[in-house]
Amino acid sequence: MVKVLQRLQFENVFPDEKPKEILDYLKNVSRESLLMSIGFCSKNPDTNFDNFFSNPDLHNQVIQRVMDYSKANNIVQKPRVISKYAGLKLAEHILSNKEILNNKRISVDEDEMNLFKAFLIINTQLNAHQKLNNLNDDNFEKLVDFNLVLKFPESDLALFEEDGIEFLKLVFCTIHKVEELFKFLNSNLDFEEIKNEFLNSFSVGSEQEFIVQMKYLFGQLLMSIISKGYAFEVQDEATLKFLLSMTSDNIMLDEDFTHLKNNPIYFLGENRFSVVNYFFVVDKFYRSTKFKLKEIYESKDVIKKKYGNFFGFFNKEFSENFLMKNVLDDIFDKEDFYKKRVADREIDRETDYYIRHGNTVFLFENKDVLISKAVKSSANIDEINAVLHEKFVHDGKKAVGIGQLVNSIEEIVNKSFQLDEYVNSENDLSIFPVLIIQDRIFQSPGINYRLNSWYLNIVRDKLKDKYDPNIIKGLTIIDIDTLIVWTPYLKEINNRFEEIITDHLFRMQSHKEINASTFEEARDQTNNNLYEQISPISTRNIPFQISVDSLAQKFKEIIVN
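Residues numbered from 1 in each chain as written. Predicted model: local features only at pLDDT ≥ 70, side-chain atom pairs only at ≥ 80, totals over all residues. Heavy atoms only, no water.

S.K.: Got a sec to walk through the overall build of the chain? Specific residues and values, please.
M.R.: Secondary structure summary: the chain contains 24 helices and 8 strands in total. Here the C-alpha radius of gyration of the chain, 25 Å, is about what a compact globule of 561 residues would show, namely 24 Å. With the principal axes as the frame, the chain shows a C-alpha extent of 80 × 65 × 45 Å. Buried residues in the chain amount to 54% of all 561 residues. Contacts in the chain between residues at least 24 apart in sequence constitute 75% of all its contacts with a sequence separation of at least 6. Carbon and sulfur atoms make up 49% of the accessible area of the chain, which amounts to about 26100 Å² in all. (Helix = DSSP H or I, 4+ residues; strand = E, 2+ residues; numbered from the N terminus. Rg over C-alpha atoms; globule rule 2.2 N^0.38 Å. Buried < 20%, exposed > 50% of the residue type's maximum accessible area, 1.4 Å probe, protein only. Contact = heavy atoms within 4.5 Å. Areas by Shrake-Rupley, 256 points an atom, 1.4 Å probe, with all protein chains shown as cover.)

The following block contains the structure:
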């Protein structure tokens with residue numbers, strides 16, 4: 001279910017009090033409380049106005065204020081103070097102003113009240129940032145727009161509701177992708193210097209040391225998730241250097257939390273560390289790696305001259321031809337699957353990956369694209385729609401993603417498909433276009449629904465009377481991490497991938513009638529139906545989880561017994 005809860009603002013709770021700047025409140029909180037609050041908020045986002053204060057009198061006063069506000073404004077659902085997004089903003093304000101933090105505690109009550117008011121000011125700023133006056137006029141499309149405005153930035157920041165499951169998935173897949181990245185860098189002597197400088201940036205001397213330190217840290221984080229801890233102590237000198245490479249005293253405010261992403265751990269002193277955001281820590285080893293590799297790559301004139309633009313090189317040679325290809329080759333490894341032939345050169349308009357099982361055709365396009373931080377944080381549906389169209393339909397010069405898939409579908413329908421002569425002689429086909437994405441921001445609820453709507457308009461317009469929905473299926477967007485996790489499950493039965501996609505497309509395109517006797521029932525049914533239609537395939541109820549054996553295998557270097 002899509003949960004939309006109101007963020008409490010300063011004037012909601014303290015209507016007769018003039019608000020101050022965030023730092024004016026933080027200056028009056030002890031340094032120890034501030035630093036510990038960062039980790040606490042990242043691990044305890046359920047803390048709210050009704051369990052924030054340890055003093056019973058303050059506790060009751062604040063609850064009464066919120067109840068009075070809710071009653072006066074007909075607010076039924078319980079509003080919230082601390083969100084994961086607000087927690088990150090608080091961390092950014094604290095770590096970017098450490099030099100002015102107070103070292104003395106006046107009282108616990110003062111610390112808690114000033115922190116509480118700082119959160120309310122942050123919420124006021126976040127609420128003011130959202131632009132909700134330009135949503136689609138169509139009622140259902142307006143709900144999709146609204147969800148994108150709310151959830152698009154959160155998907156990028158991994159602010160998931162079920163973050164325990166998502167975190168385990170991220171750890172598992174990050175280990176897999178890092179190991180694949182090293183295999184790629186080791187496959188060509190041209191990349192050896194890039195690999196070595198990358199390792200040096202983490203204060204390690206070898207690939208093996210990097211892997212061990214990374215997995216040890218991930219193990220610590222998983223244990224902290226279970227215990228709800230947020231601080232840990234390190235004695236080993238090599239591990240200490242490794243962690244210090246991910247800290248910085250030079251944190252600045254940024255609309256995309258760039259500095260927190262680059263430095264997701266902070267030093268508490270005396271070998272003690274805490275975590276700004278658990279997902280940011282894991283992202284440091286792959287998602288953020290691309291930018292470190294780019295920095296190193298751009299300093300190598302010989303490499304740059306030979307392989308061209310970094311993102312063109314990385315996205316094509318690693319993301320598509322190495323990572324995606326290896327994952328799909330593993331999934332479709334049986335002789336029953338026909339794969340496109342390997343050619344000396346790429347055919348014009350050739351799809352990135354092609355599989356046929358009998359008369360069922362899968363067309364894959366891989367998209368490893370970046371979204372500017374201004375758009376990610378804009379909370380503006382016009383900007384979000386514009387960048388989605390540019391990245392996945394037409395970049396202003398040529399068709400990309402969806403456009404390329406439609407071109408391949410047109411060739412099959414016109415019996416001129418170059419990758420598989422069989423389909424040119426068959427009429428009874430099922431064609432499934434699939435867009436593989438490399439970044440989790442495109443798992444945001446509503447993305448697949450919106451892109452599928454555009455895809456259907458394009459393919460119908462292009463094929464006209466040749467369009468047959470029984471042959472040409474809807475667009476499926478699936479992230480590479482989901483494919484990595486699902487690989488053992490998909491390999492069990494040849495048509496399992498088709499079954500999952502078919503179910504996903506059915507759910508995305510099915511409109512359900514509302515049958516309710518009360519407003520509350522109607523609201524809940526509408527919300528559930530919306531979520532059913534706009535959910536990404538990664539959150540569908542697939543009866544497969546990461547096995548204990550698979551997880552243990554990923555940590556084999558650090559498991560003693």
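Still to come is the rest of the account.
S.K.: Kindly report on the nonpolar core, identifying the contributing residues and their values.
M.R.: Residues F210, L217, F285, F364, L451 and L483 are the most contacted members of the largest nonpolar core, which totals 127 residues. Apart from residues lying up to four places away in sequence, F210 is in contact with V178, F182, F198, L199, F202, V204, F242 and F285. Counting 46 residues, the second largest nonpolar core, distinct from the first, contains F10, L34, I63 and Y85. (Core = buried A, V, L, I, M, F, W, Y, C linked by side-chain atoms within 4.5 Å.)

S.K.: Just give me the short version of the sheet that holds strand β4 (residues 337-339), but keep the residues and values in it.
M.R.: Strands sit in the order β4-β5-β6-β7-β8 across an open sheet of 5 strands; the sheet is mixed. If you trace the sheet from one side to the other, it starts and ends with β4 and β8 (476-479), each paired once. Neighbour to neighbour, the strand axes of the sheet diverge by 25° on average, direction disregarded. Of the strands in this sheet, β4, β5 (353-357), β6 (360-367) and β7 (430-437) are in contact with helix α16 (residues 310-331), which crosses β6 at around 145°. The sheet contacts of helix α21 (residues 480-492) involve β7 and β8, and relative to β8 the element is tilted by about 75°. (Pairing = 2+ DSSP bridges. Axes fitted to C-alpha atoms, helices over the stretch in contact; angles between N-to-C directions.)

S.K.: Break down the pattern of salt bridges for me, with residues and values.
M.R.: Taken as a whole and assessed by the stated rule, the structure comprises 32 salt bridges. E295 serves as the salt-bridge partner of K292, at 3.6 Å between the closest nitrogen and oxygen. Of this pair, K292 and E295 both sit in helix α14 (residues 289-298), 3 residues apart, which is roughly one turn of the helix. Judged by its relative accessible area of 29%, K292 falls in the partly exposed class. Given the relative accessible area of 53%, E295 is considered exposed. The shortest N-O distance in the salt bridge between K304 and E298 comes to 3.4 Å. A relative accessible area of 27% places E298 in the partly exposed class. (Salt bridge = Lys/Arg side-chain N within 4 Å of Asp/Glu carboxyl O.)

S.K.: Give a description of the side chain of S535 that names residues and reports values.
M.R.: Relative to the helices and strands, S535 is located in the loop between α23 (519-534) and α24 (548-554). A polar contact of 2.5 Å, which involves the side chain of S535, links it to the backbone oxygen of Y531. Excluding residues within four positions of it along the chain, S535 makes contact with H504 and R540. (Polar contact = N/O pair within 3.5 Å; in protein donor to acceptor, adjacent residues only side chain to side chain.)

S.K.: Can you lay out unusual backbone geometry for me, pointing to particular residues and giving the numbers?
M.R.: In this structure, S203 takes a positive phi of about 60° despite not being glycine. A relative accessible area of 38% places S203 in the partly exposed class. The residue K415 is not glycine, and still its phi comes out positive at about 60°. Note on placement: K415 falls in the loop between α19 (402-413) and β7.

S.K.: Help me get a handle on the side chain of K195, residues and values and all.
M.R.: On the secondary structure map, K195 appears in helix α9 (residues 192-200). According to the relative accessible area criterion, K195 is buried, its value standing at 12%. Setting aside residues up to four positions removed in sequence, K195 forms contacts with F182, L185, N186 and E207.

S.K.: Could you give an account of α14, naming the residues involved and the relevant values?
M.R.: Burial in α14 covers these residues: T289, K290, L293, I296 and Y297. Summarising the axial view, the buried residues of α14 lie within an arc of 125°, below the 170-degree limit, and thus occupy one face. At its buried positions, α14 is contacted by α8 (163-186), α9, α13 (278-283), α15 (301-307) and α16. (Arc of directions from axis to C-beta.)

S.K.: I'd like a rundown of the sheet that holds strand β2 (residues 265-269), residues and numbers included.
M.R.: Strand order in this open sheet of 3 strands is β1-β3-β2, and the pairing throughout is antiparallel. The strands lining the two open edges of the sheet, one partner per strand, are β1 (231-233) and β2. Averaged over neighbouring strand pairs, the angle between their axes works out to 30° when direction is ignored. Together, β1, β2 and β3 (272-275) form the strand contacts of helix α11 (residues 237-244), whose direction differs from that of β3 by roughly 40°.

S.K.: Could you give an account of helix α22 (residues 496-509), with specific residues and numbers?
M.R.: Between its first and last C-alpha, α22 extends 20 Å over 14 residues, near the 20 Å set by a 1.5 Å rise per residue. Residues of α22 that are buried include every one of R496, F497, I500, I501, H504, L505 and M508, and no others. (Expected span 1.5 Å × (residues − 1).)

S.K.: Now, about the packing of aromatic side chains: what can you tell me, with residues and values included?
M.R.: All told, the structure shown has 48 aromatic pairs when counted by the stated rule. Their ring planes at 65° and their centres at 5.5 Å tell us that F184 and F322 sit as a pair that is edge-to-face. With F184 in helix α8 and F322 in helix α16, this pair connects stretches of sequence that are 138 residues apart. Note on F202 and F285: the rings are 5.4 Å apart at their centroids and 20° apart in plane angle, and the pair reads as stacked. Here F202, found in the loop between α9 and α10 (207-227), pairs with F285, found in the loop between α13 and α14; they are 83 residues apart in sequence, far enough to count as distant. Here F202 and F285 have matching classes, each one buried. (Phe/Tyr/Trp six-rings, centres within 6.5 Å; stacked < 30°, edge-to-face > 60°.)

S.K.: Can you tell me about the environment of P445, naming the residues and giving the values?
M.R.: Checked against the element boundaries, P445 lands in the loop between β7 and α20 (447-463). As a C-alpha pair, P445 and Y531 span 86 residues in sequence and 7.7 Å in three-dimensional space. Excluding residues within four positions of it along the chain, P445 makes contact with N147, L148, K151, S155, I534 and P536.

S.K.: A description of the environment of N186 should follow, citing residues and the corresponding values.
M.R.: Summarising the element assignment, N186 is placed in helix α8. In this structure N186 touches K195 and E207, once residues within four positions along its chain are discounted. Here E207 takes part through its side chain, which lies 3.0 Å from a polar atom of the side chain of N186.

S.K.: An account of the pairing of β5 is needed here, citing residue identities and associated values.
M.R.: Moving residue by residue along a regular strand, the side chains alternate between the two faces of the sheet. β5 sits mainly inside the fold: 4 of its 5 residues count as buried. Bridging between β4 and β5 involves 3 bridges; their strand directions are antiparallel. Residue pairing in the sheet places Y338 in a bridge with R356 of β5. The pairing of β5 with β6 spans 5 bridges and is antiparallel. Following the sheet pairing, Y354 is matched in β6 by L363.

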